[in-house]
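Listed below are the residues making up each chain.
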Amino acid sequence: MRSLWVAGIVLCVAARARADEARPAASSTMGRHLLMGVRAFKDGRYEEALVELRIVARAPDAPADLAFYLGPTLYKLGRHREALATFVTSRAAPDALTDFYLGEACYQLKLYRKARAVFAGLRTRGLGPVLDEAAARYVGMIDAAYQAEPGNSTIDYYADQGLELAGGDPVVAAEYLDEARQVEALARTRYRHAEIVAALGKAWNATGHAHAVVELLAGEPSPTAEASWQLARAYAALGDRAHARPLLEAIVNARAANAAEAAALLANLRP
Amino acid sequence: MRHLLCICAFLGLLDARAAYADDAHAEMAAALAAQADLHPAPISLPNTAAAPSHAAAPSAVKRRFNPHGAAAPDHARAAAAQTQSQEQAQGASQALAHQAQATAAAAAGQTQAQAAKDRVSHPRPER
């Protein structure tokens, strides 16, 4: 019996030693690809890094913080939209370096309000001196660009990009539409506001952000039919019958564009 | 007692796997910090007459990005920024070429993926 205990302890120590001394020859296939991806990234071989990380992504034991590896790799390859989608859909805990690259991806995509929020947030939470100075430079550049009030053509740019992407890529579309909303809020007069918030609500509903839709649309003073429909969908998704039912009934009674879908949703609401 | 032994061995293997993840994370963190773009290019607000929606900024690879660029001198960065702005100005005419490159890269990626799978399926003997 004693020898069994000794054998167990030896096994533990051996496993640890193997991890410490022979990590490239990892017993885990996923771990091996992850390390190969990291080392390719380190050497600037981003295409190779992406190949390895895609294999990791398909593994059943892929790390929860895959965006930490994959997002910056896509960013370095100039695939900024994919990088952004990777970052914003990640469920890993916030990480300063990942967020720094998120800010960079936003900056490259001209999503400057979002980039500013990311970099300012990072500075508040605390960064090392080099990255903090860089974050300050990003914030400074964006503030300089926004010294003048944004014009309608800038709002058009973001709204149109968001609407164009909405069908195929609701995650990135939502980012553009949210940028449009934030830029529009800086403008002196309202411009395409109702259209932007309704489209944003639709994109957020499509990506499972019902809480955000409620926060966005519940306080709208005069929502469009589309905004009401998106708000109703969000309430229904959250199981808030008290708010969903009157909205859905109004849509059905008005025989609005989404009346059939509203009726189906109403029928499915639990009593 | 055998169960205890099994648990002990399992914990040992878990420990090894966690160590791989820690190792990769630490290496990646160092690489990310070293390769972050510390000097943003000046911007102007976009408008509807701006670049076409699919014209992304040129990739780091196409810009011949130096992975140790954080240590690059400012004039090199300025040159890179100038090149970038020139490339952006070429706009839509490059879109088709970019698409062709992407197709070729995808094909190359598939080949690399297969090679990577082969490497894992047939690992080199340890020395």
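Residues numbered from 1 in each chain as written. Chains lettered and ligands numbered in written order. Predicted model: local features only at pLDDT ≥ 70, side-chain atom pairs only at ≥ 80, totals over all residues.

### Some remarks on the overall build of chain B
Next up, step 1: Assigned secondary structure in chain B consists of 3 helices and 0 strands.
Next up, step 2: Ordered by position in the sequence, the α and β elements of chain B form the string α-α-α.
Next up, step 3: Across the 127 residues in chain B, those meeting the buried criterion constitute 14%. (Helix = DSSP H or I, 4+ residues; strand = E, 2+ residues; numbered from the N terminus. Buried ≥ 20, exposed ≤ 12 C-beta atoms within 10 Å, placed from the backbone.)

### Structural notes on the overall build of chain A
Next up, step 1: Helix and strand content of chain A: 15 helices and 0 strands.
Next up, step 2: Long-range contacts, defined as pairs at least 24 residues apart, comprise 47% of the intrachain contacts of chain A with a sequence gap of at least 6. (Contact = placed C-beta atoms within 7 Å.)

### Topic: helix α9 (residues 152–166) of chain A
Next up, step 1: An ideal rise of 1.5 Å per residue puts 21 Å on 15 residues; α9(A) measures up with 21 Å between its terminal C-alpha atoms.
Next up, step 2: Residues of α9(A) that are buried make contact with α10 (170–186) and α11 (193–206) of chain A. (Expected span 1.5 Å × (residues − 1).)

### Things to note about the nonpolar core
Next up, step 1: Core analysis: the biggest nonpolar cluster contains 87 residues, and A:Leu177 and A:Ala232 have the highest contact counts within it.
Next up, step 2: Every residue in contact with A:Leu177, bar those within four places of it in the chain, is listed here: A:Ala159, A:Gly162, A:Ile196, A:Ala199, A:Leu200 and A:Ala203. (Core = buried A, V, L, I, M, F, W, Y, C linked by C-beta atoms within 7 Å.)

### Comments concerning the packing of helix α14 (residues 241–253) of chain A against helix α15 (residues 259–268) of chain A
All names here are of chain A.
Next up, step 1: With their axes 8 Å apart at the nearest point, α14 and α15 run at an angle of 145° to one another. For α14 against α15, the interelement crossing comes out left-handed. Of α15, the residues touching α14 (which contributes Arg245, Leu248, Glu249, Ile251 and Val252) are Ala259, Ala262, Ala263, Leu265 and Leu266.
Next up, step 2: Considering only residue class, the contact of α14 with α15 consists of 8 nonpolar, no polar and 2 charged. (Axes fitted to C-alpha atoms, helices over the stretch in contact; angles between N-to-C directions. Left-handed = near helix turned anticlockwise from the far one by under 90°. Nonpolar A, V, L, I, M, F, W, Y, C, P; charged D, E, K, R; others polar.)

### A look at the packing of helix α5 (residues 80–89) of chain A against α10(A)
All names here are of chain A.
Next up, step 1: Contact pair α5 / α10: the axes reach a minimum separation of 9 Å and the direction vectors enclose 90°. Accordingly, the angle class assigned to the pair α5 and α10 is roughly perpendicular. Contacts between α5 and α10 involve Arg81, Leu84, Ala85, Val88 and Thr89 on the former and, on the latter, Val171, Val172 and Glu175. (Parallel < 35°, antiparallel > 145°, perpendicular 65-115°, else oblique.)

### Examining the environment of A:Tyr176
All names here are of chain A.
Next up, step 1: Within the secondary structure, tyrosine 176 is located in helix α10.
Next up, step 2: Residue tyrosine 176 is classed as buried on the basis of its C-beta count, with 31 C-beta atoms lying within 10 Å.
Next up, step 3: Taking C-alpha positions, tyrosine 176 is 7.0 Å from leucine 111, a pair spaced 65 residues apart along the chain.
Next up, step 4: Sequence-distant contacts of tyrosine 176, that is, excluding residues within four places in its chain, are made with Tyr158, Gln161, Gly162 and Leu165.

### Comments concerning unusual backbone geometry
Residues and elements named next belong to chain A.
Next up, step 1: Phi angles above zero are rare outside glycine, and lysine 110 is one such case at about 65°.
Next up, step 2: In this fold, lysine 110 is placed in the loop between α6 (96–108) and α7 (112–125).
Next up, step 3: A tally of 23 C-beta atoms within 10 Å means that lysine 110 is categorised as buried.
Next up, step 4: Although it is not a glycine, arginine 192 adopts a positive phi angle of roughly 55°.
Next up, step 5: Mapped onto the elements, arginine 192 comes out in the loop between α10 and α11.

### Brief notes about the environment of A:Thr154
Next up, step 1: Looking at the element boundaries, A:Thr154 is found in helix α9.
Next up, step 2: As a C-alpha pair, A:Thr154 and A:Glu184 span 30 residues in sequence and 8.8 Å in three-dimensional space.
Next up, step 3: Excluding residues within four positions of it along the chain, A:Thr154 makes contact with A:Val183, B:Leu45, B:Pro46 and B:Asn47.

### Some words on the confidence of the model for chain A
Next up, step 1: Confidence in the prediction of chain A, expressed as mean pLDDT, is 91, and 89% of residues score 70 or more.
Next up, step 2: Contacts for the low-pLDDT stretch residues 16–27 of chain A, under 50 throughout, to residues beyond four places or in other chains number 18 contacts. (pLDDT = per-residue confidence, 0-100.)

### Focus: the environment of A:Leu70
Next up, step 1: For A:Leu70, the location among the structural elements is in helix α4 (residues 67–76).
Next up, step 2: Apart from the residues within four sequence positions on either side, A:Leu70 is in contact with A:Leu53, A:Ala57 and A:Thr86.

### Concerning the confidence of the model for chain B
All names here are of chain B.
Next up, step 1: For chain B, mean pLDDT is 59; residues scoring 70 or higher make up 22% of the total.
Next up, step 2: Mean pLDDT values for the elements of chain B range from 43 in helix α2 (residues 74–90) up to 71 in helix α1 (residues 2–35).
Next up, step 3: The ipTM assigned to the predicted complex is 0.81, against a pTM of 0.72.

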